[in-house]
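Secondary and tertiary structure notes
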Amino acid sequence: MAPAVPPPRATPQQRLRMHTGYHWRNSGNPVLTTARTAWDTRDGATFPAVHSEAGGLSVSYAGLAEGLAYTLEFTELRRDADVQGVRRRSGRLTGAALRDPARLPDADIVIVGTSAARARALPRRASLIVPMRVHFVIDFDADPDTVRQRISKRERQQFKHDLKDHDWTWGLSRDPAWFDHFYDRLYRPTMFQRHGDRERTETKEVSYECLFRGGRMFVLRQDGEPIGGALCHWDRASRTMTLRLLGVVDGAREHYDSGAFKAIYHFLIDWCARHGVRRLDFQGTEPFVSKGTYQWKRRFGTRVLPPPNHFGSKRLWLQVRGDTPEVRDYLVANPVLAERTDGTLEAVYFRDARRAPRLDYSAKSPGVAAVREVDLDEFLAGAVRGPAGRARP
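We now turn to the structure provided with this report.

One way to put it is that helix 1 (residues 12–26) packs onto helix 8 (residues 204–212) with a least axis distance of 10 Å and a crossing angle of 80°. Here helix 1 lies roughly perpendicular to helix 8, going by the angle between them. Contacts from R15, M18, H19, Y22 and R25 of helix 1 reach helix 8 at E205, V206, E209, C210 and L211. Here the residues of the contact of helix 1 with helix 8 are counted per class, giving 5 nonpolar, 1 polar and 4 charged.

Bridging between strand 8 (residues 216–222) and strand 9 (residues 225–235) involves 7 bridges; their strand directions are antiparallel. For L220, the partnering residue across the bridge sits in strand 9 and is G228. Where strand 8 folds back onto strand 9 in an antiparallel hairpin, the turn is made up of 2 residues, including D223, whose phi is positive at roughly 55°. Pairing between strand 9 and strand 10 (residues 240–248): 8 bridges, direction antiparallel. Within strand 10, the residue paired with G228 across the bridge is V248. Hairpin connection from strand 9 to strand 10: 4 residues lie between these consecutive antiparallel strands, with R239 at a positive phi of about 55°.

A word on the sheet that holds strand 9. Strand order in this open sheet of 7 strands is 7-8-9-10-11-6-12, and the pairing throughout is mixed. The open sheet has two free edges, formed respectively by strand 7 (168–172) and strand 12 (303–305), since each of these has just one partner strand. Within the sheet, the average angular offset between the axes of one strand and its neighbour, ignoring direction, is 30°. Pairing analysis gives 3 bridges linking strand 6 (residues 134–139) to strand 12, with the strands arranged antiparallel. Pairing of F136 across the sheet is with V304, part of strand 12. Set on the sheet, helix 7 (residues 176–195) makes contact with strand 8, strand 9 and strand 10; between it and strand 10 the angle comes to about 75°. Of the strands in this sheet, strand 8, strand 9 and strand 10 are in contact with helix 8, which crosses strand 9 at around 60°.

Glancing now at the pattern of salt bridges. Applying the stated criterion across every chain, the model contains 35 salt bridges. Close ionic contact of R358 with D360 constitutes a salt bridge, the shortest N to O distance being 2.7 Å. Residue class for D360 comes out exposed when judged on its relative accessible area of 52%. Among the charged side chains, a salt-bridge network with shared partners connects D323, R328, D329, D352, R355 and D377.

Bringing the pairing of strand 1 (residues 46–54) into the picture now. With 7 of 9 residues buried, strand 1 is to be regarded as a mostly interior element. Alignment of strand 1 against strand 3 (residues 87–94), held across 8 bridges, turns out to be antiparallel. Residue pairing for strand 3: P48 is matched across the bridge by R92. Both strand 1 and strand 2 (residues 57–63) contribute to a ladder of 6 bridges, which runs antiparallel. Among the inter-strand pairings, V50 is bridged to a residue of strand 2, identified as Y61. Linking strand 1 back to strand 2 in an antiparallel pair, the connection comprises 2 residues, with G55 at a positive phi of about 60°.

Let us look at unusual backbone geometry. Look at R239: it is not a glycine, yet its phi comes out positive at around 55°. Tracing the chain through its elements places R239 in the loop between strand 9 and strand 10. A positive phi angle is found at D250, which is not glycine, with a value near 60°. Of note, D250 is situated in the loop between strand 10 and helix 9 (253–257). Accessibility expressed as a relative area gives 38% for D250, which makes it partly exposed.

Before going further, it helps to spend a moment on the sheet that holds strand 4 (residues 109–115). Ordered in space as 3-1-2-4-13-5, the 6 strands form an open sheet in which the pairing is mixed. Two strands close off the open sheet at either side, each with one partner strand: strand 3 and strand 5 (127–131). Across the sheet, the mean angle from the axis of one strand to that of its neighbour is 20°, orientation sign disregarded. By the bridge criterion, 5 bridges tie strand 2 to strand 4 in an arrangement that is parallel. Considered in strand 4, the bridge of S60 is made with V110. Taken strand by strand, helix 12 (residues 325–333) contacts strand 2, strand 4 and strand 13 (314–320), and its axis lies near 65° from that of strand 2.

Cut-offs and rules
- Residues numbered from 1 in each chain as written.
- Predicted model: local features only at pLDDT ≥ 70, side-chain atom pairs only at ≥ 80, totals over all residues.
- Heavy atoms only, no water.
- Axes fitted to C-alpha atoms, helices over the stretch in contact; angles between N-to-C directions.
- Helix = DSSP H or I, 4+ residues; strand = E, 2+ residues; numbered from the N terminus.
- Parallel < 35°, antiparallel > 145°, perpendicular 65-115°, else oblique.
- Contact = heavy atoms within 4.5 Å.
- Nonpolar A, V, L, I, M, F, W, Y, C, P; charged D, E, K, R; others polar.
- Pairing = 2+ DSSP bridges.
- Salt bridge = Lys/Arg side-chain N within 4 Å of Asp/Glu carboxyl O.
- Buried < 20%, exposed > 50% of the residue type's maximum accessible area, 1.4 Å probe, protein only.

Laid out in structure tokens, this is it:
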């Protein structure tokens, strides 16, 4: 029997607006995602165009606004620990201008966020086609014990050890008071602690109406006291559970050190395996293998795949225009997932005679079809522009 639906907190008109916006952002319906991508990347739209200088390396990003947070900020964090020291120049470009590489802000590395079709039409010289985001999913195609065996051995052993030291319990909750406590005291503080001013959140009102009322809300207790939780979207038709919001009390460091934050993932996997869920979607991250979130989610035996929403049909076109030591250092330090000509994903690791590929950032996961090492001397053969426009030998 399905759990009782909590009462609404908004008028029918307000709920209609909330659900419309929520589905526009998150729906996997092909008709809606196609319409969203076409609208977002149309010629007549205007897009941010930002030139960023940090750590002796320039990167420009132009295109879909989501790329400023999902892509450009990542490159800034990886170029210079002091983001406050990043120098930016901002402008605007039309969708039509994004088709012409000569009209893009010049930089050592130039990135365009657009549709997959438009990215594939841009020049291939010294460039990669990169998914804007990727998701990590667990398929429940076997018994619970087999599914758990796919989690990395180190993660399983650590969780087993943590269970011995803590009196944790896990269960569902449909209590609106728990939702309020979770959102205000767990979710928002955790997001702020992890992302600061760069946090990206659903509003409390949308989370209640579009997630809590029709989804699944979990609570993690320690010694009987709630210390963590997770709020998931539930798709009855496909039997897919999507982890949307999670957190620990006040985002406190002690709950990371104790293993409680990781325990949320382990308990959720076990619950789904035992309750008829076909797929658990941990959502995703940027396609940079060096990113901590990528390495973290990979350890749970997940399969990497394009997002089911509009991000699944959006791409980054990344072209390298400058061949400098800083450019080479950055490319080697940050392996990336890229799209192959057949549409599958491969992990690209750069190297040269002085720089070994960063294979310690493993990309091994179902869904990553291949690993390719790229010689920078060959890849950058056409990148002859110095950072100030000077030709380089």
